[in-house]
Amino acid sequence: MSDCSASLSPARAARGAGWFRRAVESRLEGLDHGTLTVVAGGGTRTFGRAVEGGLAARVVVGDERFFRRVALGGSIGAAESYMDGDWTADDLPALVALG
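Residues numbered from 1 in each chain as written. Predicted model: local features only at pLDDT ≥ 70, side-chain atom pairs only at ≥ 80, totals over all residues. Heavy atoms only, no water.

Participant: Can you break down the overall build of the protein residue by residue, with the values?
Facilitator: If you tally the helices and strands in the protein, you get three helices and four strands. Starting at the N terminus, the α and β elements of the protein follow one another as α-β-β-β-α-β-α. Evaluated residue by residue, the protein yields a buried proportion of 29% over its 99 residues. The long-range fraction of contacts in the protein, counting pairs at least 24 apart against all pairs at least 6 apart in sequence, stands at 40%. Entry remark: accessible area of the protein is about 6,100 Å², with carbon and sulfur atoms responsible for 54%. (Helix = DSSP H or I, 4+ residues; strand = E, 2+ residues; numbered from the N terminus. Buried < 20%, exposed > 50% of the residue type's maximum accessible area, 1.4 Å probe, protein only. Contact = heavy atoms within 4.5 Å. Areas by Shrake-Rupley, 256 points an atom, 1.4 Å probe, with all protein chains shown as cover.)

Shown next, in the form of structure tokens:
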């Protein structure tokens, strides 16, 4: 996947990164059959609703480009981002089941 942000100014790339992050987080707010904790940029947010016997996963984002790749590429973007080491998960099968 090409990295189109390489041609953007740092300020413009930073604004775009925030937009992509908000888009992904907005989508995660609809999670209703388990919880997903996202650790990124020095902060932690938990999405979803804990239910007895429900799924739970934790994602640690190491590169903010993760959000752009997920926002634009969906599950394929997330998979490519994972293979490139942009993020890790404590329970990958549970994360996939949450999706």
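Participant: Could you give an account of the pairing of strand β1 (residues 34–40), naming the residues involved and the relevant values?
Facilitator: For β1, the buried fraction is high: seven of the seven residues fall into the buried class. In this sheet, strand β2 (residues 43–49) lies alongside β1 in antiparallel orientation, the contact comprising seven bridges. Residue pairing across strands places T37 opposite T46, the latter belonging to β2. Where β1 folds back on β2, the antiparallel hairpin that results is connected by two residues, among which G41 adopts a positive phi of roughly 55 degrees. (Pairing = 2+ DSSP bridges.)

Participant: Describe the confidence of the model for the protein, listing the residues and the values that go with them.
Facilitator: The predicted model of the protein averages 88 in pLDDT, with 84% of residues at 70 or higher. For the protein, per-element mean pLDDT is lowest for helix α1 (residues 10–28), which scores 79, and highest for strand β4 (residues 87–89), which scores 98. (pLDDT = per-residue confidence, 0-100.)

Participant: I'd like a description of the environment of R22, backed by residues and values.
Facilitator: With respect to the secondary-structure elements, R22 resides in helix α1. Between the C-alpha atoms of R22 and A71, which are 49 residues apart in sequence, the distance is 9.3 Å.

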